[in-house]
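Structural description and commentary
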Amino acid sequence: MELGLLDKVVAITGGAGGIGRAAGAAFAREGARVGLIDIDRDGLDEASHSISAMGGSVVTAVADLGTQTGVEESIGAVCDAYDGALDVLVNNVGVCIARSFEELSDEDWMRTLELNLMSCIRAARVVLPIMRARGGGCIINNASDLARQPEAAPPDYQVSKVGILSLTKALALAEGPDVRVNAVAPGPIWTRLWTRPGGFADTLGRLHDMPSKQAVQHELSLRQLPLGRLGTPEEVAHVFVFLASDAASFVTGSVWGVDGGSIRGLL
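Residue numbers restart at each chain and count upward from 1, following the sequence in its written direction. Since the coordinates come from a predicted model, pLDDT governs what is reported: local features require at least 70, and pairs of side-chain atoms require 80 or more to be given and counted, while whole-chain, interface and lining totals use all residues. Side-chain calculation: all heavy atoms of the structure are included, whereas hydrogens and water are not.

Some thoughts on the pairing of strand E5 (residues 137–142)
In regular strands, side chains alternate between the two faces of the sheet. When accessible area is computed with a 1.4 Å probe and restricted to protein chains, residues below 20% of their type maximum are described as buried, those above 50% as exposed, and intermediate ones as partly exposed. Counting from the N terminus, the helices are DSSP H or I runs at least four residues long and the strands are E runs at least two residues long. With respect to burial, E5 is a largely interior element, 6 of its 6 residues being buried. With burial as the criterion, each face of E5 is covered, one bearing Gly137, Ile139 and Asn141 and the other bearing Cys138, Ile140 and Asn142. By convention, orient the strands away from the viewer: a clockwise path from the first strand over the helix to the second makes the crossover right-handed. Note that the unit made of strand E4 (residues 88–91), helix H4 (residues 106–134) and E5 has a crossover that is right-handed. Here, any two strands with at least 2 DSSP bridges between them count as paired. For E5 and strand E6 (residues 179–186), the ladder comprises 6 bridges, and the chain directions are parallel. Of the residues in E6, the one forming a bridge with Gly137 is Val179. Each parallel crossover has a hand, and for E5 linked through helix H5 (residues 155–175) to E6 it is right-handed.

Pasting the structure below:
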């Protein structure tokens, strides 16, 4: 299938690892020119080297995407590197820590919202004038199955992802027909968000008062995944690529689940 992504410029936030890194590689394999943005300089260097080794075009920008300045300057740097062009934005950066409602302070809520939701809003604000001037473009927002089927925790993460779904619908209505805006809602995906020290697996263990590996299995049992496993970053990245491509030219305002069947409702 011809996807029409050759030489398209794709900016990916949270591009140093996990889903973002897999997305960068997937777009590069389709001939797109990739810009990876993250606060993790070492991770960006590794991802960039991997894409370059396969013959792909890649630039990187180090930034704190939980700030307006970080979003604006990093996306600007990607555009400058590609002569002002930008065709696809993948809003992928996010944080998820397993905490109960009682544990969350105002500062905790605001940090989650700044990184998970406001980064999407600020990035869209930067790229939409560019896409309008170019006569088209595509924005893909990475949400979560928890935005559509919440659990008891973590509430701050879930609320931020609900906001992403609403933002997706609003922008799709406002920016059609030239700019398409869609969301992807992954289920549990085995990335460093889960596996790093102090990551989601460890904090799940603390929340459920059990070893982290056992807590992950407990979480999967709560989700009742028909496929019975965590997903891979590549499985989400493939959907990003499809939604950005000409093959999805009649798709906007949609929410695509990549969740192993975790969503049991009809809507």
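Concerning the packing of aromatic side chains
Here is the rule: rings of Phe, Tyr and Trp (six-membered ring for Trp) pair when centre to centre is within 6.5 Å. Planes less than 30 degrees apart are stacked, more than 60 are edge-to-face, and the remainder are tilted. Counted according to the given criterion, the structure contains 2 aromatic pairs. Seen in terms of ring centroids, Phe101 and Trp109 are 6.5 Å apart; in terms of plane orientation they differ by 70°. Their pairing is edge-to-face. Measuring from centroid to centroid gives 5.3 Å for Phe242 and Trp256, while their planes differ by 55°, and the two rings are tilted. One end of the pair, Phe242, is in helix H9 (residues 233–244); the other, Trp256, is in strand E7 (residues 255–258), and 14 residues separate them in sequence. Among the residues examined, Phe242 registers a relative accessible area of 26% and is labelled partly exposed. Classification of Trp256 as partly exposed rests on a relative accessible area of 32%.

What about the pairing of strand E2 (residues 33–38)?
Most of E2 sits out of view: 5 of its 6 residues are buried. As judged from the 5 bridges shared by strand E1 (residues 9–13) and E2, these two strands associate in the parallel manner. The residue bridging Ile12 from the neighbouring strand is Leu36, located in E2. Taken together, E1, helix H1 (residues 18–29) and E2 constitute a β-α-β crossover, and its handedness is right-handed. Of the strand pairs in this sheet, E2 and strand E3 (residues 57–62) are connected by 6 bridges, and their pairing is parallel. In the sheet register, Gly35 faces E3, and the bridge partner there is Val59. Running through helix H2 (residues 41–53), the crossover from E2 to the neighbouring parallel element E3 is right-handed.

Quick word on the sheet that holds E7
Taken in spatial order, the 7 strands of this open sheet run E3-E2-E1-E4-E5-E6-E7, and their pairing is parallel. At either margin of the open sheet sits one strand with a lone partner, and together these are E3 and E7. With direction set aside, neighbouring strand axes in the sheet form an average angle of 20°. Judged from the 3 bridges that link them, E1 and E4 form a sheet pairing that is parallel. Within the sheet, the bridge partner assigned to Val10 lies in E4 and is Val88. The angle between two axes is taken between their N-to-C directions and runs from 0 to 180 degrees, where each axis is a line fitted to C-alpha atoms and a helix contributes only its stretch in contact.

Some remarks on the side chain of Asp38
Its place among the elements puts Asp38 in strand E2. Residue Asp38 is classed as buried on the basis of its relative accessible area, which comes to 12%. Polar contacts, as used here, are pairs of N or O atoms within 3.5 Å; protein pairs need one atom able to donate a hydrogen and one able to accept it. Residues neighboring in sequence count only if both atoms are side-chain atoms. Only 3.3 Å separates the side chain of Asp38 from the backbone nitrogen of Gly15, close enough to count as a polar contact. Among the polar contacts made by the side chain of Asp38, one reaches the main-chain amide nitrogen of Ala16 at a distance of 3.1 Å. Contacts are assigned to residue pairs with any non-hydrogen atoms lying within 4.5 Å of each other. Apart from the residues within four sequence positions on either side, Asp38 is in contact with Gly14, Gly15, Ala16, Leu44, Ala61, Val62 and Ala63.

Description of the side chain of Thr13
Within the secondary structure layout, Thr13 lies in strand E1. In terms of polar contacts, Thr13 uses its side chain to reach the backbone amide nitrogen of Asn92, at 2.8 Å. Reaching out from Thr13, the side chain makes a polar contact with the backbone nitrogen of Val93 at a distance of 3.1 Å.

Remarks on the environment of Ile51
Structurally, the position occupied by Ile51 is in helix H2. Judged by its relative accessible area of 2%, Ile51 is buried. Through-space distance from the C-alpha of Ile51 to that of Met118 is 28 Å; in sequence the pair is 67 residues apart.

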